[in-house]
Amino acid sequence: MHRFANPARFQRLAASILPWSAAASAILLGAGLYFALFVSPRDYQQGETVRIMYVHVPAAWMALFVYVNVAIASAVALVWRHPLADLAAKAMSPVGATFTLLCLLTGSLWGQPMWGTWWVWDARLTSVLVLFFLYLGHIALVNAFDDPTRGAKSAAILALVGLVNVPIIKLSVDWWNTLHQPASITRLDVPAIDPAMLTPLLLMAAGFLAYFITVTIIRVRAEILERRLRAMRLAQTAEPAGALVGADRL
Amino acid sequence: MSEFFAMGGYAAFVWPAYGAAAIALIVLLIVSLRTLRAREAEIAKAEGARARAPTDRR
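Going along each chain's sequence as written, the residues are numbered from 1 onward. Lettering of chains starts at A and numbering of ligands starts at 1, both following the order in which they are written. Under the rules for a predicted model, residues below a pLDDT of 70 receive no local features and side-chain atom pairs below 80 are neither given nor counted, while totals for whole chains, interfaces and linings still include all residues.

### Structural notes on the overall build of chain A
So, point 1. A helix here means a DSSP run of H or I that spans at least four residues, while a strand means a run of E at least two residues long, and both kinds are numbered starting from the N terminus. Helix and strand counts for chain A come out as seven helices and zero strands.
So, point 2. The linear arrangement of helices and strands in chain A, starting from the amino end, is α-α-α-α-α-α-α.
So, point 3. Projected onto the principal axes, the alpha-carbon positions of chain A cover approximately 75 × 35 × 30 Å.

Put into structure tokens, the structure is as follows:
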């Protein structure tokens, strides 16, 4: 675990991954869009609106996946005081919030023509809205204190408490028989979807994942630099007393 | 071609969904990159100031 605690080692690793993840997200999203918009057929019931699925479903998967990652980073930060985990959680949660917002927005644009409504207080929709508010709360808490370690700690606790919402979102479509349809891909038997529609879906999902890795690396780098800047400023103001504690930690 | 953009009469729903996704992801990427560049510039400035300071012990 602590092998990656060293920011210099992280920076080296991140620098070697970044060009690959950036290229992968461009290629996968390009191919995904081509299959989603040109190759895949229209649905026999939903017509062309089924193409919204290729943005909506991967965005929903990423909303949950990123949240689990924020929670894991928060647990690592709280338990092992891993010096990068706090920064990772802070860097990731705006990315997760963006995917959640996209999921809600595209879902609304799909719901209006197919369900006849932009929004219902259905269990799935409501629990995803709660996820969005959890992300907003996390972002706000991280920045709410003058002392960044206090902000990180409060936000980490919120992220872990909010984790209870993840299985609720996943199982909401089975527990409550409301408007949103149940899972068609992530189930134990064969996916209930034609390969012609599964291909663009998985390509878009892989593209979103590569995008998430790319943007997270960029954001964690910025966070590491910000922490180093803060340490340098702290050392500068403490200079007359000769205290340089923390200045060389990063 | 116009048939493609018409999206079977659902253009008003399909294209905003793709457009919103494209805009959100591109804006997030640009903001993240600009923040990183700004931090790098600040670090370079701070390190330069430190190197020039005669009283600095390092």
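### Quick notes on the overall build of chain B
So, point 1. Helix and strand counts for chain B stand at two helices and zero strands.
So, point 2. Taken over 58 residues, chain B has a buried fraction of 14%. Our exposure labels follow a C-beta count within 10 Å of each residue's own C-beta, placed from the backbone: buried means 20 or more other C-beta atoms, exposed means 12 or fewer, and partly exposed covers the counts in between.

### Considering the confidence of the model for chain A
Low-pLDDT portions of the prediction should not be read for the details of their coordinates.
So, point 1. For every residue, the pLDDT score states the predictor's confidence, bounded by 0 at the bottom and 100 at the top. For chain A, per-residue confidence averages 90 on the pLDDT scale, and 92% of positions sit at 70 or higher.
So, point 2. Of all secondary-structure elements in chain A, the lowest mean pLDDT belongs to helix α6 (residues 165–175) of chain A, at 90, while helix α2 (residues 53–80) of chain A reaches the highest, 97.

### Some points on the packing of helix α4 (residues 123–142) of chain A against helix α5 (residues 148–162) of chain A
Residues and elements named next belong to chain A.
So, point 1. Taken N-terminus to C-terminus, the directions of α4 and α5 make an angle of 165°; their axes are 7 Å apart at the nearest point. As the angle between them shows, α4 and α5 are arranged roughly antiparallel. Handedness of the α4/α5 crossing: right-handed. Between α4 and α5, the residues in contact are L134, G137, H138, L141 and V142 and G151, A152, S154, A155, L158, A159 and G162, respectively.
So, point 2. Under the scheme applied here, ten amino acids are nonpolar (Ala, Val, Leu, Ile, Met, Phe, Trp, Tyr, Cys and Pro), four are charged (Asp, Glu, Lys and Arg), and all others, including Gly, are polar. Residue classes in the contact of α4 with α5 are distributed as seven nonpolar, five polar and no charged. Angles here are taken between N-to-C directions and fall from 0 to 180 degrees, while the axes themselves are lines fitted to C-alpha atoms, restricted in helices to the stretch in contact. In these notes the angle categories are as follows: under 35 degrees is roughly parallel, over 145 is roughly antiparallel, 65 to 115 is roughly perpendicular, and the rest is oblique. A clockwise turn of the near helix away from the far one marks a right-handed crossing, whereas an anticlockwise turn of less than a right angle marks a left-handed crossing. A residue pair is marked as a contact if its C-beta atoms, positioned from the backbone, fall within 7 Å.

### A look at the packing of helix α3 (residues 85–115) of chain A against helix α7 (residues 195–237) of chain A
All names here are of chain A.
So, point 1. Two numbers describe how α3 lies on α7: the axes approach to 8 Å, and their chain directions differ by 135°. The angle between α3 and α7 falls in the class oblique. α3 and α7 meet at a crossing whose hand is right-handed. Contacts between α3 and α7 involve L87, A88, K90, A91, M92 and V95 on the former and, on the latter, F212, V215, T216, R219, V220, E223, I224 and R227.

### Side note on the environment of A14(A)
Residues and elements named next belong to chain A.
So, point 1. Mapping A14 onto the fold places it in helix α1 (residues 7–39).
So, point 2. For A14 and L141, which are 127 residues apart along the polypeptide, the C-alpha to C-alpha distance reads 27 Å.
So, point 3. When near neighbours in sequence (up to four residues on either side) are disregarded, A14 contacts I217, V220 and R221.

### Quick notes on unusual backbone geometry
So, point 1. Positive phi is not limited to glycine here, since R81(A) has a value of about 50°.
So, point 2. Take R81(A): it is sitting in the loop between α2 and α3.

### Topic: the environment of A26(A)
So, point 1. Mapped onto the elements of the fold, A26(A) is located in helix α1.
So, point 2. Residue A26(A) is classed as partly exposed on the basis of its C-beta count, with 14 C-beta atoms lying within 10 Å.

### With respect to the nonpolar core
So, point 1. Among buried residues, those of type Ala, Val, Leu, Ile, Met, Phe, Trp, Tyr and Cys that are joined through C-beta atoms within 7 Å form a set called a nonpolar core. Ranked by internal contacts, the top residues of the largest apolar core, which has 72 residues, are A59(A), A63(A), V66(A), A88(A), A89(A) and M204(A).
So, point 2. Breaking this core down by element, the ones donating at least two residues are α1, α2, α3, α4, α5 and α7 of chain A together with α2 (11–52) of chain B.
So, point 3. Beyond its immediate sequence surroundings of up to four residues, A89(A) is in contact with V70(A), A73(A), S74(A), A77(A), A155(A), A156(A) and A159(A).

### Points about α4(A)
Residues and elements named next belong to chain A.
So, point 1. To estimate how far a helix should reach, multiply one less than its number of residues by 1.5 Å. Over its 20 residues, α4 extends 28 Å from the first C-alpha to the last, a length consistent with the 28 Å expected when each residue adds 1.5 Å.
So, point 2. All of the buried residues along α4 are A123, R124, L125, S127, V128, L131, L134, Y135, H138, L141 and V142.
So, point 3. Against the buried residues of α4 lie α2, α3, α5 and α6.

### Describing the confidence of the model for chain B
So, point 1. On average, residues of chain B score 88 in pLDDT, and 90% of them reach the 70 mark or higher.
So, point 2. Across the predicted assembly, pTM comes out at 0.90 and ipTM at 0.88.

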